[in-house]
Amino acid sequence: MSFQIIKRVPLLALLKDFRTRHTSQDVDKLYAALGLAQEAEGSDHDGLHTLLEPDYDKPLQEVYCNLALFLIIEHGSLDILSHVDIPKTQSETWPSWVPDWRVAKACSEIWSSKGLLSFCADLNEPLSLSFEQEVNSLSLEGLKADKIAFYTDKLISYGFRFETYSQEVQFVRSAWGLAKYVFPVTDYRDDQIIRDHSRTFFTTLLAHDSNLDVDGFVDDAVEWLSKHLSLQFLGIGSKWFSTTKADPGRFHDAFVRTCTEKRFFVTGRSWMGIGPESMKEGDEVVILFGAKVPFIIRRSGPGYTPIGECYVAGMMNGESVKLWKSAGGARDRFYIY
């Protein structure tokens, strides 16, 4: 007698994969995923959680809202916010923190190519969640980090045609223009400071965890930039970082994969980052407790709307939380509608 072993997958990963698939009914994307989800293991005996129980009579918004609530509460995590995209559904009542799984997301998640999430922007501060007036509004705790000051056009990439490649070169040129603009000119007398600043710029385009070994990618970046942006990077060369043989194509492929449909930005305090195309000047960069990556949010009446996750060099491993703890500051509260 043979038995079929079903390898169960986290529900959020399944929903990400199912997002672009067509179904006869919009709720079927969720209900189909439940049969393979880790969170539904043992449901044949114990039944599904109330928030996940299939009910075709429920309005779609309620089904998706219950799903988001379940994932937040079950895992004590705000990972679901990484899948929010705007413009959101046309319904004015749709909560801004609930992904609309009927619509493909404009850009990939910051951490999607890593397999395992290696960032820890919240320094493992536990999720602090309450509901404001009604279940459609979340009250979250975290820290205000900074505000968006300047940003580039988004990177549009359709393949490897000449025109597309030119756009990719222009994206990096514009991004470096912002990065250099916020960097004190006087510091360019110090070669080591120049290299450190450039390294931060390269790794921002790759959304790399600083705990990982990125020396190889930095050498690749230097080689690529020396060929395509030599005027912007005078004197640049592989001697900047190492003598290993670099692969400029590897850097090109990696930054395009990371930055497509995203913008490069700098904040008022000169932090560098990449984030969603929908950002605007004055949007706030925040650390939400329970979220491993920073988020960009926008003031909307009495509360905030999440614009999307972001990568910010110098915030991805809890640096802002460490400073907050050492200063003994108060927590910020964010009402997400």
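Read on for an overview of the structure.

Definitions and cut-offs
What you see as residue numbers is a count from 1 along each chain, following the sequence as written. In view of the model being predicted, local features appear only for residues whose pLDDT reaches at least 70, and side-chain atom pairs are presented and counted only at 80 or more, with totals across whole chains, interfaces and linings using the full set of residues. Side-chain measures here rest on the full set of heavy atoms in the structure, leaving out hydrogens and waters. The helix count covers DSSP runs of H or I at least four residues long, the strand count covers runs of E at least two residues long, and both are numbered beginning at the N terminus. Any residue under 20% of the maximum accessible area for its type is buried, any over 50% is exposed, and the rest in between are partly exposed; the area is computed with a 1.4 Å probe on protein chains only. For this analysis, residues touch if any pair of their heavy atoms sits within 4.5 Å. To measure how exposed things are, a 1.4 Å probe is used in the Shrake-Rupley method; for residues, cover is taken only from the protein chains shown. The way it works is a 1 Å grid over only the protein atoms, where trapped points that fit a 1.4 Å probe form a cavity and open points with protein on both sides within 12 Å along at least five of seven lines form a pocket, and then any residue with an atom within 4 Å of a point lines it. Grid points are joined across faces, edges and corners, and a volume is the space filled by probe spheres set on the points. For this classification, the nonpolar set comprises Ala, Val, Leu, Ile, Met, Phe, Trp, Tyr, Cys and Pro, the charged set comprises Asp, Glu, Lys and Arg, and every other residue, Gly included, is treated as polar. Between the first and last residue of a helix there are one fewer steps than residues, each counted as 1.5 Å, and that sum is the expected span. Planes of paired rings set the category: under 30 degrees apart is stacked, over 60 is edge-to-face and the rest tilted, where pairs are Phe, Tyr or Trp rings (Trp by its six-membered ring) whose centres lie within 6.5 Å. Under this definition, polar contacts are N or O atom pairs within 3.5 Å; protein pairs additionally need one hydrogen-donor-capable and one acceptor-capable atom, and for neighbouring residues in sequence, both atoms have to be side-chain atoms. Throughout this description, the term salt bridge denotes a Lys or Arg side-chain nitrogen within 4 Å of a carboxyl oxygen of Asp or Glu.

Here the focus is the overall build of the protein chain. Scanning the protein chain from terminus to terminus reveals nine helices and nine strands. Counting the 337 residues in the protein chain, one finds 49% classified as buried. Once local pairs closer than 6 in sequence are excluded, the contacts in the protein chain between residues at least 24 apart make up 69%. For the protein chain, the accessible surface area stands at approximately 16900 Å², while carbon and sulfur atoms represent 51% of it.

Another point: unusual backbone geometry. In this structure, Asn-124 is a non-glycine residue whose phi angle is positive, near 65 degrees. Counting through the fold element by element, Asn-124 comes out in the loop between helix H4 (60-75) and strand S1 (129-131). Taking relative accessible area as the criterion, Asn-124 reaches 54% and is therefore assigned exposed. Of note in this structure, Ala-207 is not a glycine but carries a positive phi near 50 degrees. Tracing the backbone through its elements, the reader meets Ala-207 in the loop between helix H6 (191-206) and helix H7 (215-228). With relative accessibility at 1%, the residue Ala-207 sits in the buried group.

Overall, the coordinates contain three cavities of 30 Å³ or more when judged by the stated rule. Forming the walls of the largest cavity are Ser-82, Val-84, Asp-85, Lys-105, Cys-107, Pro-276, Ile-307, Gly-308 and Glu-309. For the lining of the largest cavity, the leading source of residues is strand S7 (residues 303-309), giving three residues. Per-class residue counts for the lining of the largest cavity are four nonpolar, two polar and three charged.

Turning our attention to H4. Taking 1.5 Å per residue, 16 residues should reach 22 Å; H4 reaches 23 Å between its end C-alpha atoms and fits that length. For H4, the complete set of buried residues consists of Leu-60, Val-63, Tyr-64, Cys-65, Asn-66, Leu-67, Ala-68, Leu-69, Phe-70, Leu-71 and Ile-72.

Next up on the list: the packing of aromatic side chains. Taken as a whole, this structure holds 12 aromatic pairs when the rule is applied. Measuring from ring centre to ring centre gives 5.6 Å for Phe-201 and Phe-264, while their planes differ by 70 degrees; the resulting arrangement is edge-to-face. Here Phe-264 lies in strand S3 (residues 262-267) and Phe-201 lies in helix H6, a separation of 63 residues in the sequence. Comparing Phe-201 with Phe-264 shows no difference in burial state: the two are buried.

The α-helix winds at 3.6 residues per turn, so residues separated by three or four positions along the chain end up facing the same way. Taking 1.5 Å of rise per residue, 12 residues should cover 16 Å, and helix H8 (residues 248-259) covers 17 Å from first to last C-alpha, within 8% of that figure. Those residues of H8 lying buried are Pro-248, Phe-251, His-252, Ala-254, Phe-255, Val-256, Thr-258 and Cys-259. Downstream of H8 by one or two residues, Glu-261 has phi in the positive range, about 65 degrees.

One can find Asp-220 in helix H7. Classification of Asp-220 as buried rests on a relative accessible area of 3%. Here the side chain of Asp-220 touches Asp-247 through a polar contact of 2.7 Å, landing on its backbone nitrogen. Here Asp-220 is in contact with Ala-246, Asp-247, Pro-248, Arg-250 and Phe-251, once residues within four sequence places are set aside.

Locating Asp-122 in the fold gives a position in the loop between H4 and S1. Residue class for Asp-122 comes out buried when judged on its relative accessible area of 0%. Reaching out from Asp-122, the side chain makes a polar contact with the backbone nitrogen of Gly-290 at a distance of 2.9 Å. Looking at Asp-122, its side chain comes within polar contact range of the side chain of Lys-292, at 3.0 Å. Setting aside residues no more than four positions away along its own chain, Asp-122 makes contact with Ile-287, Leu-288, Phe-289, Gly-290, Ala-291, Lys-292 and Val-321.

Oppositely charged side chains can form a pair if their charged atoms are brought close together. A full pass over the atoms with the stated rule returns 12 salt bridges. The salt bridge involving Glu-109 is made with Lys-105; its shortest N-O contact spans 3.6 Å. According to the relative accessible area criterion, Glu-109 is buried, its value standing at 4%. A residue is classified by how much of its surface remains accessible, and Lys-105, at 17% relative accessible area, is buried. Linking Glu-141 and Arg-331 is a salt bridge whose minimum nitrogen-to-oxygen distance equals 3.0 Å. Of the two residues, Glu-141 sits in strand S2 (residues 138-151) while Arg-331 sits in the loop between helix H9 (319-327) and strand S9 (332-336), which places them 190 residues apart along the sequence. In this structure Arg-331 comes out as partly exposed when scored by relative accessible area, which is 38%. Linked through salt bridges whose partners overlap, the residues forming this network are Glu-125, Glu-141, Lys-325, Arg-331 and Arg-333.

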